[in-house]
Every structure is written in C-alpha cells, then in structure tokens.
Amino acid sequence: MTVSTSGSDEDVVRERTRTGTGRILIAVYAVFSLAAAARSFVQIVDRFHVAPIAFILSAVAAAFYILATFALARASSVSRRLATWSCIIEFVGVVTVGTISFVVPEWFPEPTVWSHFGQGYLFIPLVLPIVGLWWLRHTAR
C-alpha cells in the first residue's frame, strides 16, 4: 500500500513545472528579465527626465519578470501562486499600457517594455504571461 503525502505531491508538481517546456519558459523569462531590467536601468539613468512615468513602468515590468522567473524556477505551491499573480499583473499591465500608448502617445515619448503591447520586444510581453498561465495550469493537473 502506497501512501501519498502532500510533500511528495508537491514534488511531482514542482518537477512537472520545471521540466521540458517549463525549462524553456524559465529560460525565456530569465533572458527577458535581464533585457527589461537593463533597458529600464539605462533609460532611468540616461534619460529619466524625458519620460519618467514610462521608464518607471519599464522597471516595474522588469521586476514582475524577475519575480516570475524565480517563482517558476522554485515551483513550490507558494511560488506557483506568486508566478500566477505575476503573470496576471504582467498581462493586465501590457494590455493597459499598450492601449494607453496608442490612445495617448504623448504619455510615452520613448518606447518601454509594455508600450504598444511590447512591439519593441516582438510582442513577447503580450504572449509570455499567457504562456506562463497556461503552463502553470497545465502542470497543476
């Protein structure tokens, strides 16, 4: 007779989250975190006076990408919830900022990670949180 403990169930979910597609997703998030953080850092240090709100939003986006990267890599029950919320906030952020950047372009005189739905990043900011949410749901079963 085999008895399943919550610890071993969590280990199974953790391994499912971090293998195969999960590894690719974590790697994409890691690279994207570095790119977004580096871009926002340069923008804030070099040209903050040009578009302070836009550049701060880029830094916020980078922070959520970093959070999602570590949460997906950890893959515990708590970190999976953090990853889920991070992906949700990322998606809402990119849709909101993307829409505003088209409707009120003067608010975004310089491109940011989320402006124009992530056009400067090949729309990865729009797709990445959807893939992240799908993967978290897929591996929870």
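Residues numbered from 1 in each chain as written. Predicted model: local features only at pLDDT ≥ 70, side-chain atom pairs only at ≥ 80, totals over all residues. Heavy atoms only, no water.

### Section: the overall build of the chain
Here is step 1: Secondary structure assignment for the chain yields 5 helices and 0 strands.
Here is step 2: Traced from its N-terminal end to its C-terminal end, the chain shows the element sequence α-α-α-α-α.
Here is step 3: With respect to the three principal axes, the spread of C-alpha positions in the chain is 65 × 25 × 20 Å.
Here is step 4: The buried share of the chain, reckoned over its 141 residues, is 36%.
Here is step 5: Counting contacts in the chain only where the partners sit at least 6 residues apart, residues at least 24 apart contribute 68% of the total.
Here is step 6: Accessible area for the chain stands at about 7,900 Å²; split by element, carbon and sulfur atoms hold 72% of it.
Here is step 7: In the chain, the 11 positive side-chain charges and the 8 negative ones have mean positions that sit 8 Å from each other. (Helix = DSSP H or I, 4+ residues; strand = E, 2+ residues; numbered from the N terminus. Buried < 20%, exposed > 50% of the residue type's maximum accessible area, 1.4 Å probe, protein only. Contact = heavy atoms within 4.5 Å. Areas by Shrake-Rupley, 256 points an atom, 1.4 Å probe, with all protein chains shown as cover. Lys, Arg positive; Asp, Glu negative; His and termini not counted. Charge placed at Lys NZ, Arg CZ, Asp CG, Glu CD.)

### Quick notes on the UniProt feature "transmembrane region" (unreviewed entry) in the chain
Here is step 1: UniProt's entry tags residues 24-42, 48-70, 82-104 and 116-136 with the feature "transmembrane region" (unreviewed entry), counted in the numbering of this structure.
Here is step 2: Helix makes up 100% of residues 24-42 and strand 0%, with an end-to-end C-alpha separation of 27 Å.
Here is step 3: Secondary structure content for residues 82-104 is 96% helix and 0% strand, and the end C-alpha separation is 31 Å. (UniProt positions renumbered as here; feature names shortened; annotations may be inferred.)

### Structural notes on helix 3 (residues 52-74)
Here is step 1: In a regular helix each residue adds 1.5 Å, so 23 residues correspond to 33 Å; helix 3 covers 33 Å between its end C-alpha atoms and thus fits that length.
Here is step 2: Residues of helix 3 that are buried include every one of Ala54, Phe55, Ser58, Ala61, Ala62, Tyr65, Ala68, Thr69, Ala71 and Leu72, and no others. (Expected span 1.5 Å × (residues − 1).)

### What to know about the packing of helix 3 against helix 4 (residues 77-103)
Axes are the key here: two packed helices are described by the angle between their axes and the distance separating the axes.
Here is step 1: Axis separation between helix 3 and helix 4 bottoms out at 8 Å; the angle between their running directions is 150 degrees. Overall, the two elements helix 3 and helix 4 adopt an arrangement that is roughly antiparallel. As for how helix 3 packs across helix 4, the hand of that crossing is left-handed. Residues Leu57, Phe64, Tyr65, Leu67, Ala68, Ala71, Leu72 and Arg74 of helix 3 form the contact with helix 4, whose own contacting residues are Ser79, Leu82, Ala83, Ser86, Ile89, Glu90 and Val97.
Here is step 2: Of the residues contributing to the contact of helix 3 with helix 4, the split by class is 11 nonpolar, 2 polar and 2 charged. (Axes fitted to C-alpha atoms, helices over the stretch in contact; angles between N-to-C directions. Parallel < 35°, antiparallel > 145°, perpendicular 65-115°, else oblique. Left-handed = near helix turned anticlockwise from the far one by under 90°. Nonpolar A, V, L, I, M, F, W, Y, C, P; charged D, E, K, R; others polar.)

### Considering helix 5 (residues 124-140)
Here is step 1: Between its terminal C-alpha atoms helix 5 stretches 24 Å, which fits the 24 Å expected from 17 residues at 1.5 Å a residue.
Here is step 2: Turning to helix 5, its buried residues are Pro125, Leu128, Pro129, Gly132, Trp135, Leu136 and Thr139. Viewed along the axis of helix 5, the buried residues span an arc of 125 degrees, placing them on a single side of the element. (Arc of directions from axis to C-beta.)

### Remarks on the packing of aromatic side chains
Here is step 1: Within this structure, the stated rule accounts for 5 aromatic pairs.
Here is step 2: Seen in terms of ring centroids, phenylalanine 32 and tyrosine 121 are 5.1 Å apart; in terms of plane orientation they differ by 70 degrees. Their pairing is edge-to-face. Of this pair, phenylalanine 32 sits in helix 2 (residues 21-47) while tyrosine 121 sits in the loop between helix 4 and helix 5; the two residues are 89 residues apart in sequence, bridging distant segments of the chain. Neither residue differs from the other here; phenylalanine 32 and tyrosine 121 are each classed as buried.
Here is step 3: Relative to tryptophan 135, the ring of tryptophan 134 lies with its centre 5.6 Å away and its plane at 50 degrees, an arrangement referred to as tilted.
Here is step 4: By relative accessible area, which is 7% here, tryptophan 135 ends up buried.
Here is step 5: Among the aromatic residues, those joined into a ring-pair cluster are Tyr29, Phe32, Tyr65 and Tyr121. (Phe/Tyr/Trp six-rings, centres within 6.5 Å; stacked < 30°, edge-to-face > 60°.)

### A word on the confidence of the model for the chain
Any region with low pLDDT has predicted coordinates that should not be read closely.
Here is step 1: For the chain, the mean per-residue pLDDT works out to 89, and 90% of the residues sit at or above 70.
Here is step 2: Element-level mean pLDDT values for the chain span from 67 in helix 1 (residues 6-18) up to 95 in helix 4.
Here is step 3: Confidence over residues 1-5 falls short of pLDDT 50; this stretch has 1 contact with residues more than four positions distant or in other chains. (pLDDT = per-residue confidence, 0-100.)

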